[in-house]
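Structural overview for review
These are the residues of each chain, in order.
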Amino acid sequence: MKQELIVQLFQRFEDACYLYNEIECWSARDLQGVLGYTEWRNFLNVVEKAKTACENTGIPVPDHFVDVNKMIEIGKGGQREVDDVALTRYACYLIAQNGDPSKSEIAFAQTYFAVQTRKQEIIEQRLLDVDRVSARDRLIKSEKKLSGIIYERGVDDRGFGVIRSKGDQALFGGYSTQEMKKKLAIPDGRPLADFLPTLTIKAKDFATELTSHNVIEKDLSGENAISNEHIENNRAVRKILLERGVKPEALPAEEDVKKVQRKLDSDEKNLLKDVKKKKG
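Notes on the structure in this doc start here. (Residues numbered from 1 in each chain as written. Predicted model: local features only at pLDDT ≥ 70, side-chain atom pairs only at ≥ 80, totals over all residues. Heavy atoms only, no water.)

1. Regarding the overall build of the chain
- Across its full length, the chain carries 10 helices and four strands.
- Moving toward the C terminus, one meets the helices and strands of the chain in the order α-β-β-α-α-β-β-α-α-α-α-α-α-α.
- The principal-axis extents of the C-alpha atoms in the chain amount to approximately 95 × 50 × 35 Å.
- Out of the 280 residues in the chain, the part that is buried amounts to 37%.
- Of the roughly 16,900 Å² of accessible surface on the chain, 51% is carried by carbon and sulfur atoms.
- In the chain, 46 side chains carry a positive charge and 46 a negative one; their mean positions are 4 Å apart. (Helix = DSSP H or I, 4+ residues; strand = E, 2+ residues; numbered from the N terminus. Buried < 20%, exposed > 50% of the residue type's maximum accessible area, 1.4 Å probe, protein only. Areas by Shrake-Rupley, 256 points an atom, 1.4 Å probe, with all protein chains shown as cover. Lys, Arg positive; Asp, Glu negative; His and termini not counted. Charge placed at Lys NZ, Arg CZ, Asp CG, Glu CD.)

What follows is the structure in structure tokens.
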């Protein structure tokens, strides 16, 4: 398909969008022309197939296909009311998937929605990556904060390591930090938290913040007292997770958070380069 036609079809599709009850919609009558159908009855057959596809996925058809009326122009400036269907973007996607692939317009629409879906997947994954990196940064800060608090209460770096390890053992149902690293095949010399899923990182962060708070509130001192407090907080967090059907030690390892951070940084640099090129 020529580039000019692709641009034209893209623009026609986006221009046909309107708001129906504050929801982004398309008129089936308008979409009929955009997708190259001259006969309404033929296009209506495609709409019905799309409805069936929607129903088969378990999604309520009325959420995406709404029967409405539309005024159309007739000869000598007159108007006539005809049946129409208000379509969501998802409905348009289903129509494209069930249309005649020999039509260049349908081929365009199928490609268009494939690209849009991929874009959405990329955006969603980026948001998940950002959330995980942010969670890891917060855990680093909360552990540094706890280390500073307990240092003033008679606990050195070795003692902090012991306290943190005992907290992990409580959170992971008896597995020590080293046992969890072995279980998840984490390289030697790398922190366990760099390979944990976001949920577990946030769980560790919450337990650590609780310990910092309670050490001050309860005026705890010494390795044993603070260690017991950290164990109890991790047990409490584990209990919440178990009640929601989550076993922290059973969750698989995820990609090294440092690699994720590098990927995010690289994407951001490339984006800035693209912006500069467009401005130039």
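Here the narrative resumes, following the displayed structure.
2. Remarks on the packing of aromatic side chains
- Summed over the entire model, instances satisfying the criterion amount to six aromatic pairs.
- With centroids separated by 5.3 Å and ring planes inclined at 55°, the aromatic side chains of Tyr37 and Phe43 adopt a geometry described as tilted.
- Residue Tyr37 is classed as buried on the basis of its relative accessible area of 11%.
- Classification of Phe43 as buried rests on a relative accessible area of 0%.
- A ring pair is formed by Trp40 and Phe43, whose centres lie 6.3 Å apart and whose planes are at 45°; its orientation type is tilted. You can see Trp40 and its partner Phe43 sitting in helix α3 (residues 40-56), three residues apart, about one turn around the helix. This pair shows no difference in class: Trp40 is buried, exactly as Phe43 is. (Phe/Tyr/Trp six-rings, centres within 6.5 Å; stacked < 30°, edge-to-face > 60°.)

3. A word on the side chain of Asp205
- Inspection of the secondary structure assignment puts Asp205 in helix α8 (residues 198-217).
- Buried charged residue Asp205 carries no salt bridge. Nearest counter-charge: Arg138, at 4.5 Å.
- A distance of 2.7 Å separates polar atoms of two side chains, one belonging to Asp205 and the other to Ser142.
- Here Asp205 is in contact with Arg138, Leu139 and Ser142, once residues within four sequence places are set aside. (Salt bridge = Lys/Arg side-chain N within 4 Å of Asp/Glu carboxyl O. Polar contact = N/O pair within 3.5 Å; in protein donor to acceptor, adjacent residues only side chain to side chain. Contact = heavy atoms within 4.5 Å.)

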